[in-house]
Amino acid sequence: MSFEKILEEILRKSKLSKDEILERIKRKQAELQIISLEGAAYLVAKELGILNLSSTERRLQMKNLVDGMKNIFLKGKILKISDLIEFEKNGKKGKVLNLFVSDGTDLVKIPLWNDQVDWVKKENLREGDVIEVLGGLVRENAFGEKEIILRKLGRIRKTEDDLRVSLEELKAKFLNTKPWRIKLRDATLGNYEIIATIVQVFKSKFVFPLCPACNVSVKQEGNKYLCKIHGEVKPNFILVIPCIIDDGTATLRAVLFREVAEKLLSLKAEELKDLETNAIYEIVKKNVLGKELIFVGRIRKNKFFNRLELLVNDIKHLNYIEESKKLAEKVENYG
Ligand SMILES: [Zn+2]
């Protein structure tokens, strides 16, 4: 549905004047910063309870998808098909794989469950194919990452490629683009490389037990770990370090996960899992505060807290690079 159509719909069904509606939409757009006018209008309509967000009549751009939209119609190119994950739930076998699909405006993840997995073979789907997505439900997480839930009536099918954008370009933009080096004052959504110092560490649980089958946080009861889906499991422990980085131009909240956090700390989650939070906090502070590093990662919007944050994919030590440079110079001088 276009912006004009949504506006018409709100005008018709609410008691607000056009100016009042536009004002609300603008405010919503400003509040969320990155959302399109169309997306903001959807949210206002949703808040007023006058639109069921059903939009089968027109193909939507992925950047305009918002949480809760139903019956969507999308078209996009498959950038990646994940490996098949098989699991057991209540004694029944299940499987899931994820399609990562983009139309050039954003990326969506489409999980295919159980029988839906067979569509990949039936339609002979491969990377680079363009598919239509019919009848899904949009879920958007706190980082603005979008997922399409297909459920019973949802369908995907291969269709002709009229997107006018190459697989390579989409992959660079949404999957593994070479990060730009930026200063924090210029921070915005995207993949970046930033040289900065860790100036603050937030006290958190730091070590989280995850179900090895579904990667969801499990509950600890005594010395048992229980997954809601998989019952008692032997969890994988992951390390999460939330901090603030500063490069002299601005500060930004950053989060390091798993191997990256372990690399920063030079300690494994397994080695910390039996310690009290306070003890871990002291270890983390002692080891990471004041460290100047190259942070490589993706700046996302944390919608829950309405702020930008850096999800760190890798860290590089500055000294190492300086040393490599010096070494390279030496080699040149001798050459
Ligand atoms: Zn599980």
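Below is a summary of the structure that appears in this document. (Residues numbered from 1 in each chain as written. Predicted model: local features only at pLDDT ≥ 70, side-chain atom pairs only at ≥ 80, totals over all residues. Heavy atoms only, no water.)

## Some remarks on helix α3 (residues 37-47)
Because each turn of an α-helix spans 3.6 residues, side chains separated by three or four positions in sequence point in the same direction.
Then comes step 1: Within α3, 8 of the 11 residues are buried, which leaves it mostly tucked inside the rest of the structure.
Then comes step 2: Among the residues of α3, those classed as buried are E38, G39, A40, A41, Y42, L43, V44 and A45.
Then comes step 3: Where the residues of α3 are buried, they touch α1 (3-13) and α2 (18-32).
Then comes step 4: Positive phi appears at G49, one or two residues downstream of α3, with a value of about 70 degrees. (Buried < 20%, exposed > 50% of the residue type's maximum accessible area, 1.4 Å probe, protein only. Helix = DSSP H or I, 4+ residues; strand = E, 2+ residues; numbered from the N terminus. Contact = heavy atoms within 4.5 Å.)

## Observations regarding the packing of aromatic side chains
Then comes step 1: By the definition in use, this model includes 3 aromatic pairs.
Then comes step 2: Between F87 and W113 the ring centres are 6.2 Å apart and the planes differ by 80 degrees, which places this aromatic pair in the edge-to-face class. Residue F87 is located in strand β2 (residues 85-89), and its partner W113 is located in strand β4 (residues 107-113); the two are separated by 26 residues in the primary sequence.
Then comes step 3: By relative accessible area, F87 is classed as buried at 17%.
Then comes step 4: In this structure W113 comes out as partly exposed when scored by relative accessible area, which is 42%. (Phe/Tyr/Trp six-rings, centres within 6.5 Å; stacked < 30°, edge-to-face > 60°.)

## Here's the deal with the sheet that holds strand β11 (residues 219-221)
Then comes step 1: Strand order in this open sheet of 3 strands is β11-β12-β13, and the pairing throughout is antiparallel. Every other strand in the sheet has two partners, leaving β11 and β13 (231-232) as the edge strands with one partner each.
Then comes step 2: Note that strand β12 (residues 224-227) and β13 share 2 bridges and pair antiparallel. Directly across from L226, in β13, lies its bridge partner E232. (Pairing = 2+ DSSP bridges.)

## Some remarks on the pattern of salt bridges
Then comes step 1: Tallied over the entire structure, the rule returns 22 salt bridges.
Then comes step 2: Across the salt bridge formed by K95 and D118, the nearest N and O atoms sit 3.7 Å from each other. Pair noted here: K95 is in strand β3 (residues 92-102) and D118 is in helix α4 (residues 118-122), with a separation of 23 residues, a long-range link.
Then comes step 3: In this structure K95 comes out as partly exposed when scored by relative accessible area, which is 25%.
Then comes step 4: Assessed through its relative accessible area of 33%, D118 is described here as partly exposed.
Then comes step 5: Where salt bridges share partners, they join E9, R12 and K13 into one cluster. (Salt bridge = Lys/Arg side-chain N within 4 Å of Asp/Glu carboxyl O.)

## As for the coordination of the zinc ion
Then comes step 1: Coordination of the zinc ion by the protein involves C211 (SG), C214 (SG), C227 (SG) and H230 (ND1), with metal-donor separations of 2.0 to 2.3 Å.
Then comes step 2: Considering all 4 donor atoms around the zinc ion, the spread of angles at the metal, 105 to 114 degrees, places the coordination shape in the tetrahedral class.
Then comes step 3: As a motif over one chain, the donors of the zinc ion read C-x2-C-x12-C-x2-H.
Then comes step 4: Given a relative accessible area of 25%, C214 falls into the partly exposed group. (Donors = N, O, S within 2.8 Å, 3.2 Å for Na, K, Ca; no water. Tetrahedral: all angles 85-135°; square planar, octahedral: opposite > 155°, others 65-115°.)

## With respect to unusual backbone geometry
Then comes step 1: With a phi angle near 45 degrees, N114 is a residue other than glycine that sits in the positive phi range.
Then comes step 2: In this structure, N114 sits in the loop between β4 and α4.
Then comes step 3: Located in the positive-phi region is R164, a residue other than glycine, with phi close to 55 degrees.
Then comes step 4: Structurally, R164 can be placed in the loop between β7 (155-159) and α5 (167-174).

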